[in-house]
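Spelled out, the chains give:
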Amino acid sequence: MKGLDLARDYYIQCGRPMIQEKFESYASRITVGLCGEGSECFGFDDEISKDHDFGPAFCMWLDREVMEKTGERLIAEYEALPAFFGGMPARRDSRMSGHRIGVWESGAFYRHFLGSPEGPQTLIEWLNLPDSYLAVAVNGKIFQEGSGSFLEVRNRLKAGHPEDVRIKKMVARAANMSQAGQYNLPRSLKRGETVAAELALAEFVRHGMGMIYLLNHRYAPFYKWLHRGIENMEILGETRGLFAKLMDGNAGETDRTAAAAWEEKLELVEQICSLVSAEWQRQGLIRHTDPFLQNSLEELMKQIKDPQLASLPWLYG
């Protein structure tokens, strides 16, 4: 069973009756679900994931007023829920995992991940927040909607980056893609510097996958889930296979076959860049496609209305 399904069942069968019976006057003000850190919150958990921080558990988010009045009692009742459910021990916070489940004050939850109880307010705050932080703040599922600030902030964040920020982040991703994959990768290969070439390729793939999330108006997660998350993207989801081919190793190949493999990778880099350029045009961000991404960056920057963001270097963001 997937972690989110297990969390929902644990809440429905154990948590909801507890809240309704012992916290009836506050029940409508408590939001319940599971989101935050951990593969299960993205729906990426598997058998390997079950070796740590896995088991029936859920989160409850309360505004400060409710937390002050009944938070301690709610924490105690949550801790008293059945220690086993669905044939496995209930998950509890630990020194290693930190505070991931149980009772949260809503502002403390967002402060933990985003640095403030309301999340980013200005465009520069949006730009400076790593997308992986935003991803963990809005992932997972809500099992019971309550009144209060938690869902207000979550719904605002789930709408995605402000458009100026999204464009500026795409400019930064594209500048890195072009620099690493279209410029430094072929030059490193010509010099026979295969380590530098591998590093350039890795940089291209990392920024390239980040670009796919931005094109889909999504937040890119922690690096180990970047590739997995592209699988169901509506826009350029097919690049998942292209990125996988780029990361295929050349170990054990002869010089001749290794050279051919690198040539194929250079072609894949250009294919991905051409797809990105075509999507920019489709979204009305550039007039004409250009497979060399750097050539379109000035045009992209002109789409940014905020003067502060429009004045920043390409690579910033």
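On a predicted model such as this, the values are computed, not experimentally measured, just so you know.

## Focus on the overall build of the protein
- The number of helices and strands found in the protein is 14 helices and six strands.
- Overall size of the protein, expressed as C-alpha extent along the three principal axes, is 70 × 50 × 30 Å.
- Per-residue burial over the protein gives 49% buried out of 317 residues.
- Here the contacts in the protein between residues at least 6 apart in sequence split such that 70% fall between residues at least 24 apart.
- Element-wise, carbon and sulfur atoms account for 50% of the exposed surface of the protein, whose accessible area totals about 15,700 Å².
- Charged side chains of the protein number 37 positive and 44 negative; the gap between the two group centres comes to 1 Å.

## Concerning the nonpolar core
- Counting residues in each nonpolar core, the largest one holds 99 residues, and the members touching the most others are Leu157, Phe204 and Trp280.
- The contact partners of Phe204, leaving out residues within four places of it in the chain, are Met177, Ala180, Gly181, Phe243, Leu246, Val269, Ile272 and Cys273.

## Details of the environment of Leu268
- Looking at where Leu268 falls in the secondary structure, it is placed in helix α12 (residues 255–282).
- By relative accessible area, Leu268 is classed as buried at 7%.
- Residues Leu268 and Leu242 lie 26 residues apart in sequence; the distance between their C-alpha atoms is 6.7 Å.

## Some points on the pattern of salt bridges
- In total, this model carries 13 salt bridges according to the counting rule given.
- Across the pair Glu40 and Arg91 runs a salt bridge whose closest N-O atoms are separated by 3.0 Å. Here Glu40 is found in helix α2 (residues 39–42), whereas its partner Arg91 is found in the loop between β4 (88–89) and β5 (102–105), with 51 residues between them in sequence.
- Among the ionic contacts, a cluster of salt bridges with common partners joins Asp5, Arg8 and Asp9.

## Quick look at the sheet that holds strand β6 (residues 141–144)
- A sheet is described by the order of its strands in space; here four strands give the open sequence β5-β2-β1-β6, paired in mixed fashion. With partners counted over all chains shown, the strands left at the sheet margins are β5 and β6, one partner each. Strand-to-strand twist across the sheet, computed as the mean angle between neighbouring axes with direction ignored, equals 35 degrees.
- Relative to β5, strand β2 (residues 59–62) is paired through four bridges, and the arrangement is parallel.

## Section: the packing of helix α4 (residues 106–114) against helix α6 (residues 131–138)
- At a minimum axis separation of 9 Å, α4 and α6 run at an interaxial angle of 155 degrees. It follows that α4 is roughly antiparallel to α6 by the angle criterion. Considering only the axes of α4 and α6, their crossing is right-handed. Across from Phe109, Tyr110, Phe113 and Leu114 in α4, the residues of α6 making contact are Tyr133, Leu134, Val136 and Ala137.
- Here the residues of the contact of α4 with α6 sort into eight nonpolar, no polar and no charged.

## Digging into the packing of helix α9 (residues 194–215) against helix α11 (residues 239–246)
- Their axes nearest at 10 Å, the elements α9 and α11 cross at an angle of 170 degrees. Classed by the angle they form, the pair α9 and α11 counts as roughly antiparallel. Contacts from Leu201, Phe204, Val205, Gly208, Met209 and Ile212 in α9 reach Thr239, Phe243 and Leu246 in α11.
- Of the residues contributing to the contact of α9 with α11, the split by class is seven nonpolar, two polar and no charged.

## Section: the environment of Val165
- Assignment of secondary structure puts Val165 in helix α8 (residues 163–190).
- By relative accessible area, Val165 is classed as buried at 0%.
- Considering only alpha carbons, one finds Val165 and Gln281, 116 residues apart in sequence, at a separation of 18 Å.
- Those residues in contact with Val165, other than ones at most four positions away along the chain, are Leu123, Trp126, Leu127 and Leu309.

## Some details on a negative patch on the surface
- A contiguous patch of negative charge, built from Asp248, Glu263, Glu264 and Glu267, is present on the exposed surface.
- Looking at where Glu264 falls in the secondary structure, it is placed in helix α12.

## Structural notes on the side chain of Asn216
- One can find Asn216 in the loop between α9 and α10 (226–229).
- On the basis of relative accessible area, Asn216 is assigned to the buried category, the value being 13%.
- For Asn216, the side chain forms a polar contact with the main-chain nitrogen of Glu234, separated by 3.4 Å.
- The residues touching Asn216, leaving out its near neighbours within four places in the chain, are Met233, Glu234 and Ile235.

## Notes on the packing of aromatic side chains
- Tallied over the full model, the rule gives 17 aromatic pairs.
- Seen in terms of ring centroids, Phe58 and Tyr78 are 5.1 Å apart; in terms of plane orientation they differ by 90 degrees. Their pairing is edge-to-face. Pair noted here: Phe58 is in the loop between α2 and β2 and Tyr78 is in helix α3 (residues 64–79), with a separation of 20 residues, a long-range link. There is no split in this pair, since Phe58 and Tyr78 are both buried.
- Judged by centre distance (5.2 Å) and plane angle (85 degrees), the rings of Phe109 and Tyr110 are edge-to-face. Neither residue differs from the other here; Phe109 and Tyr110 are each classed as buried.
- Among the aromatic side chains, those forming a connected cluster through ring pairs are Tyr10, Tyr11, Phe58, Tyr78, Phe85 and Phe143.
- Above the face of the Trp262 ring, Lys265 is positioned so that its terminal group lies 5.7 Å from the ring centre.

The rules we used
- Residues numbered from 1 in each chain as written.
- Predicted model: local features only at pLDDT ≥ 70, side-chain atom pairs only at ≥ 80, totals over all residues.
- Heavy atoms only, no water.
- Helix = DSSP H or I, 4+ residues; strand = E, 2+ residues; numbered from the N terminus.
- Buried < 20%, exposed > 50% of the residue type's maximum accessible area, 1.4 Å probe, protein only.
- Contact = heavy atoms within 4.5 Å.
- Areas by Shrake-Rupley, 256 points an atom, 1.4 Å probe, with all protein chains shown as cover.
- Lys, Arg positive; Asp, Glu negative; His and termini not counted.
- Charge placed at Lys NZ, Arg CZ, Asp CG, Glu CD.
- Core = buried A, V, L, I, M, F, W, Y, C linked by side-chain atoms within 4.5 Å.
- Salt bridge = Lys/Arg side-chain N within 4 Å of Asp/Glu carboxyl O.
- Pairing = 2+ DSSP bridges.
- Axes fitted to C-alpha atoms, helices over the stretch in contact; angles between N-to-C directions.
- Parallel < 35°, antiparallel > 145°, perpendicular 65-115°, else oblique.
- Left-handed = near helix turned anticlockwise from the far one by under 90°.
- Nonpolar A, V, L, I, M, F, W, Y, C, P; charged D, E, K, R; others polar.
- Patch = residues over 30% accessible without salt bridge, like charges linked within 9 Å, V, L, I, M, F, W, Y side chains within 5 Å.
- Polar contact = N/O pair within 3.5 Å; in protein donor to acceptor, adjacent residues only side chain to side chain.
- Phe/Tyr/Trp six-rings, centres within 6.5 Å; stacked < 30°, edge-to-face > 60°.
- Lys NZ or Arg CZ within 6 Å of the ring centre and 35° of its normal.

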